[in-house]
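# Residue-level structural notes
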Amino acid sequence: MSGARCRTLYPFSGERHGQGLRFAAGELITLLQVPDGGWWEGEKEDGLRGWFPASYVQLLEKPGMVPPPPGEESQTVVLPPGWQSYLSPQGRRYYVNTTTNETTWERPSSSPGIPASPGPHRSSLPPTVNGYHASGTPAHPPETAHMSLRKSTGDSQNLGSSSPSKKQSKENTITINCVTFPHPDTMPEQQLLKPTEWSYCDYFWADKKDPQGNGTVAGFELLLQKQLKGKQMQKEMSEFIRERIKIEEDYAKNLAKLSQNSLAAQEEGSLGEAWAQVKKSLADEAEVHLKFSAKLHSEVEKPLMNFRENFKKDMKKCDHHIADLRKQLASRYAAVEKARKALTERQRDLEMKTQQLEIKLSNKTEEDIKKARRKSTQAGDDLMRCVDLYNQAQSKWFEEMVTTTLELERLEVERVEMIRQHLCQYTQLRHETDMFNQSTVEPVDQLLRKVDPAKDRELWVREHKTGNIRPVDMEI
């Protein structure tokens, strides 16, 4: 489908996406890439390129002119008057008669209103209601919807028939907690938004069963729980560093106190000098540990504690925002189901009155049929409006989910990197402290190497000698 053109249905800012394509409603875009996953790449008429949600646009084909099917001549084929050609969201071409609102997969012949070959595929396209398929897919682009076309009386049996389209919808999609997903048995696997990164934006769309069996947990709630758990882990790391600081402070205080102890203060000589240096090294070491504890507080503990002070409040706002979008989506889904039920009831009423007309012809019965047909048509309009509002709500939820999960992913990377850097700072401070501690004992080592017992003895004897005359034997 690359190279096809589409028209934007709703404005898209693209501000919160790195490669988003900004556009207003009603602009024309040429498709460049159309992978599975709900996001397409396109180029606007002014040359700007970027990605956008596929649900924000309607595929177009120039009315009245279509390329020939495979095997026919390559020249452009002109459709009969009243017929237009379009592409379905899956890229398949179909045809709409704007006079009778008839839809068919087969290319019409030159006779107005008659397909080239009726074939078995004619009924494969879902029935339409006021120019829309009952599943919510437009049967022709928005610019022709204002014509308010209605089916003829002979097509009243198909008008608004919700059962075939609903069956087809069930075959192709599955709705879980009011969110519509491709059916895993019939739809190909969707392409990931970030295939090689195990990104949050790819793996948390559905809900997960509670391990305790008490219900389900939304995928987005799991991401929030991880963020809050990370914040708690960060807080506990800060508390751990605080305990380490307390140990350092107590250790420094005890070292300083011990350095003032008077034990062995009367040791003399070179050994006494070495002993005095040992006690002084304790005071120096105490100062080193005090500085270490102060740096731990300012460079490790405090940053860990103060990082994202309003994180919980921000996560709460984020949770409420996504929850509100999910509630709105559930409300839109309930409205669709209600409108679908109302349409079925109107169709049943129309069918009953049509049968009554066959039994007994009267002006009153014909008038009842007209009223029933109007009500059925109105019910079809209401259903399409509800489906459109639901799709808009789901697209908004999808866009916010992608943006928010990518932001949560960025925050988690930022948190881990911040903690890593501060733990590296902790180990650096430890190395510096060990070096300073080593420097406090180096003077002690030098003095210990100078301890000389013989010299100490000489000095002591010189100071305390009492005489150097030895006793002799007594003479008679």
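For clarity, every value in this text was computed on a predicted model and none was experimentally measured.

Here we take up the overall build of the chain. Looking only at helices and strands, one finds seven helices and 16 strands in the chain. Expressed as a percentage of the 476 residues in the chain, the buried residues total 37%. Expressed as a percentage of contacts within the chain between residues at least 6 apart in sequence, the contacts between residues at least 24 apart total 62%. Accessible surface, the chain as shown: approximately 29,100 Å² in total, 53% of it carbon and sulfur.

Let's shift gears to the sheet that holds strand β2 (residues 28-33). Pairing is antiparallel in the open sheet, where five strands are placed in the order β4-β3-β2-β1-β5. Edge positions in the open sheet fall to β4 (49-53) and β5 (57-60), since each of these has one partner strand only. Neighbour-to-neighbour, the strand axes of the sheet open up by a mean angle of 45°, direction not taken into account.

Here T433 shows up in helix α6 (residues 363-449). Beyond its immediate sequence surroundings of up to four residues, T433 is in contact with V288, H289 and F292.

Let's shift gears to the pattern of salt bridges. By the definition in use, this model includes 19 salt bridges. Between E248 and R244 there is a salt bridge, and its shortest N-O distance comes to 2.2 Å. Pair noted here: E248 and R244 are both in helix α3 (residues 219-259), with a separation of four residues, about one helical turn. Residue E248 is classed as buried on the basis of its relative accessible area, which comes to 5%. One network of salt bridges, in which partners are shared, links E27, K44 and D46.

Here we take up the packing of aromatic side chains. Within this structure, the stated rule accounts for eight aromatic pairs. Relative to F23, the ring of F12 has its centre 5.7 Å away and its plane inclined at 40°; by these criteria the two rings are tilted. One end of the pair, F12, is in the loop between β1 (5-8) and β2; the other, F23, is in the loop between β1 and β2, and 11 residues separate them in sequence. Taking relative accessible area as the criterion, F12 reaches 2% and is therefore assigned buried. On the numbers, 5.7 Å between centres and 85° between planes, the contact of F23 with F52 is edge-to-face. Remark: F52 occurs in strand β4 and F23 occurs in the loop between β1 and β2; sequence separation between them is 29 residues. For the pair formed by F23 and F52, the shared burial category is buried. Site record: aromatic cluster; members linked through ring pairs are F12, F23, F52 and Y56.

Let us now look at the environment of A274. Topologically, A274 is positioned in helix α4 (residues 269-306). Here the alpha-carbon distance between A274 and R449, two residues 175 residues apart in the chain, equals 9.2 Å. If we skip the residues at most four places from it in the chain, A274 touches L447, L448 and V451.

Before going further, it helps to examine the nonpolar core. Ranked by size, the top nonpolar core spans 44 residues in total, and within it F52, W397 and L408 carry the most contacts. Only β2, β3 (39-44), β5, β14 (179-182), α3, α5 (311-359) and α6 provide two or more residues apiece to this core. Two domains each donate at least three residues to this core, and these are domain 1 (4-60) and domain 2 (174-454). For W397, the residues in contact, after removing those within four places along its chain, are V179, W205, I322, L325, R326 and L329.

With that out of the way, let us pick up the confidence of the model for the chain. Chain-level pLDDT for the chain is 77 on average; 75% of the residues reach the 70-or-more range. Scored below 50 in pLDDT, residues 62-76 makes 22 contacts in the model with residues more than four places away or belonging to other chains. Under a pLDDT of 50 for its full length, residues 111-170 has, in the predicted model, 132 contacts with residues more than four places off or in other chains.

What follows covers the side chain of Q234. Its location among the elements puts Q234 in helix α3. If we ignore the near neighbours within four places in the chain, the residues touching Q234 are L304, F307, R415, M418 and I419.

This part covers a positive patch on the surface. Residues R346, K370, K371, R374 and K375 make up a contiguous surface patch of positive charge. At four residues, α6 tops the list of elements feeding residues into the positive patch. Along the chain, K371 turns up in helix α6.

We now examine the environment of Q392. With respect to the helices and strands, the residue Q392 is situated in helix α6. For Q392 and Y10, which are 382 residues apart along the polypeptide, the C-alpha to C-alpha distance reads 8.7 Å. Within the structure, Q392 has its side chain in polar contact with the side chain of D388 (distance 2.8 Å).

What follows deals with the packing of α3 against α4. α4 packs onto α3 with a crossing angle of 165° between their chain directions and a minimal axis gap of 8 Å. Compared by their axis directions, α3 and α4 come out roughly antiparallel. As for the relative orientation of α3 and α4, their crossing is left-handed in sense. Here the contact of α3 with α4 is built from residues that sort into 17 nonpolar, six polar and nine charged.

Even without glycine at this site, W198 takes up a positive phi of about 50°. Positionally, W198 belongs in the loop between β14 and α2 (200-203).

To continue, consider the pairing of β1. Where burial is concerned, the two faces of β1 differ: the one with C6 and T8 is buried and the one with R5 and R7 is not. The pairing of β1 with β2 spans three bridges and is classified as antiparallel. Its bridge partner lying in β2, R5 is registered against T30. Inspection of the sheet shows β1 paired to β5 by four bridges, in the antiparallel sense. Bridge pairing in β5 places R7 opposite Q58.

Secondary-structure assignment places A372 in helix α6. Residues within four places of A372 in sequence aside, it is in contact with D349, L350 and K353.

Rules used in this analysis
- Residues numbered from 1 in each chain as written.
- Predicted model: local features only at pLDDT ≥ 70, side-chain atom pairs only at ≥ 80, totals over all residues.
- Heavy atoms only, no water.
- Helix = DSSP H or I, 4+ residues; strand = E, 2+ residues; numbered from the N terminus.
- Buried < 20%, exposed > 50% of the residue type's maximum accessible area, 1.4 Å probe, protein only.
- Contact = heavy atoms within 4.5 Å.
- Areas by Shrake-Rupley, 256 points an atom, 1.4 Å probe, with all protein chains shown as cover.
- Pairing = 2+ DSSP bridges.
- Axes fitted to C-alpha atoms, helices over the stretch in contact; angles between N-to-C directions.
- Salt bridge = Lys/Arg side-chain N within 4 Å of Asp/Glu carboxyl O.
- Phe/Tyr/Trp six-rings, centres within 6.5 Å; stacked < 30°, edge-to-face > 60°.
- Core = buried A, V, L, I, M, F, W, Y, C linked by side-chain atoms within 4.5 Å.
- Domains from an automatic or database assignment.
- pLDDT = per-residue confidence, 0-100.
- Patch = residues over 30% accessible without salt bridge, like charges linked within 9 Å, V, L, I, M, F, W, Y side chains within 5 Å.
- Lys, Arg positive; Asp, Glu negative; His and termini not counted.
- Charge placed at Lys NZ, Arg CZ, Asp CG, Glu CD.
- Polar contact = N/O pair within 3.5 Å; in protein donor to acceptor, adjacent residues only side chain to side chain.
- Parallel < 35°, antiparallel > 145°, perpendicular 65-115°, else oblique.
- Left-handed = near helix turned anticlockwise from the far one by under 90°.
- Nonpolar A, V, L, I, M, F, W, Y, C, P; charged D, E, K, R; others polar.

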